[in-house]
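Examining the three-dimensional arrangement
Single-letter residue listing:
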Amino acid sequence: MGEDYKDISSLLKDMFSSPEARRSMSANQRAAYVWHSVNGDVERSHTTGVFLKEPHVRGASPILGVYVDSRMRAVDFRANREVYRARLSMAGLDVSEIEFVVSRHTRAVAPAAARGAGAGAREAPKDPLPRLSDAEREAVERLAESAPEPLRKSVYKAISLSFRREKSRDTSEGTSRP
């Protein structure tokens, strides 16, 4: 291919990051693009579809519907929905609510089958998430203070959980390096 070769993901990212390409997308396509661009690998790998729907209140921002591949992921993502709304808003997509819906369509290869587990096999229990240090808790509190009072507790929980997961990833990656 030559010196200008890029992998497919960077090529597609360059294509869709141009303002001209985003203008030609439908509202649902733009929502899916923003959802995938502001979230991590876990969210991208368990999202099977994204759509916008009319809000319950006239004049409000649309509701973002996100299809996920399992009920457990829907519950997990619901715990972080205020964090997702903030990320989407920072990227220019304002939504009044995010609804996580378990997709009726399964993937071609189920995650357990991909790991070679039997049909009835259960996932091994995960290690508990690490605790936050005092400085990390203070940082979470400062971030949550900007949320409206009725949401402050759930925003605090979501940000705290996000910090703890990131800390867990950093710890596990750190131990696997030579």
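Residues numbered from 1 in each chain as written. Predicted model: local features only at pLDDT ≥ 70, side-chain atom pairs only at ≥ 80, totals over all residues. Heavy atoms only, no water.

1. Points about the overall build of the chain
Short version of the rule: Helix numbers and strand numbers start at the N terminus; a helix is a DSSP run of H or I with at least 4 residues, a strand a run of E with at least 2. Residue contacts are counted whenever heavy atoms from the two residues lie within 4.5 Å of one another. Using the Shrake-Rupley algorithm and a 1.4 Å probe, accessible areas are obtained, with residue cover drawn only from the displayed protein chains.
Counting its regular elements, the chain contains 9 helices and 3 strands. Going from N to C terminus, the chain has its helices and strands arranged as α-α-α-α-β-β-α-α-β-α-α-α. For the chain, the share of sequence-separated contacts (at least 6 apart) that also reach a separation of at least 24 residues comes to 54%. Total accessible area on the chain is roughly 12,800 Å²; 53% of this is exposed by carbon and sulfur atoms.

2. Here we look at the pattern of salt bridges
Pairing between side chains of opposite charge can happen when the charged atoms of each approach one another. This is how it is decided: Salt bridges are counted wherever a side-chain nitrogen of Lys or Arg sits within 4 Å of a carboxyl oxygen of Asp or Glu. Each residue is assigned to one of three classes by its accessible area relative to the maximum for its type, calculated with a 1.4 Å probe on protein chains only: buried under 20%, partly exposed between the two thresholds, exposed over 50%.
Tallied over the entire structure, the rule returns 7 salt bridges. Here D41 and R44 are joined by a salt bridge, their closest N and O atoms 2.6 Å apart. Placement of the pair is D41 and R44 together in helix α4 (residues 41-46), with a separation of 3 residues, close to one helical turn. Classification of D41 by relative accessible area gives exposed; the value is 59%. On the basis of relative accessibility, which here comes to 32%, the residue R44 falls in the partly exposed class. One salt bridge connects E99 with K53, and the closest N-O pair in it is separated by 3.0 Å.

3. Structural notes on the sheet that holds strand β1 (residues 47-53)
Where we set the bar: The pairing criterion is simple: DSSP has to find at least two bridges between the two strands. What counts as an axis is a line fitted to C-alpha atoms, over the stretch in contact for a helix, and the angles between N-to-C directions run from 0 to 180 degrees.
The strand order β1-β2-β3 describes an open sheet built from 3 strands, whose pairing is mixed. In the strand order of this sheet, the two ends are held by β1 and β3 (97-102), each with one partner. In this sheet, adjacent strand axes meet at a mean angle of 20 degrees when their direction is disregarded. In this structure, β1 lies alongside strand β2 (residues 63-68), joined through 6 bridges in antiparallel fashion. Counted as the bridge partner of L52 is L64 from β2. Helix α6 (residues 81-90) contacts β2 and β3 of the sheet and is inclined by roughly 120 degrees relative to β3.

4. Considering the environment of Y33
Among the secondary structure elements, Y33 is positioned in helix α3 (residues 27-38). Here the alpha-carbon distance between Y33 and V50, two residues 17 residues apart in the chain, equals 9.1 Å.

5. A look at the side chain of E82
Relative to the helices and strands, E82 resides in helix α6. Given the relative accessible area of 19%, E82 is considered buried. Apart from residues no more than four positions distant in its own chain, E82 is found in contact with L151, S154 and V155.

6. Let's talk about the packing of α3 against α6
We count it as follows: For classification purposes, an angle smaller than 35 degrees is called roughly parallel, one larger than 145 roughly antiparallel, one from 65 to 115 roughly perpendicular, and anything else oblique. Here a crossing is called left-handed whenever its near helix is offset anticlockwise from the far helix by less than a right angle, and right-handed whenever the offset is clockwise. Throughout, the ten residues Ala, Val, Leu, Ile, Met, Phe, Trp, Tyr, Cys and Pro are labelled nonpolar, Asp, Glu, Lys and Arg are labelled charged, and all others, Gly among them, are labelled polar.
The N-to-C vectors of α3 and α6 enclose an angle of 110 degrees; their axes lie 10 Å apart at closest approach. By the criterion of interaxial angle, the relationship of α3 to α6 is roughly perpendicular. Both α3 and α6 take part in a crossing whose hand is right-handed. Where α3 abuts α6, its residues V34, W35 and V38 lie against Y84, R87 and L88. Per-class residue counts for the contact of α3 with α6 are 5 nonpolar, no polar and 1 charged.

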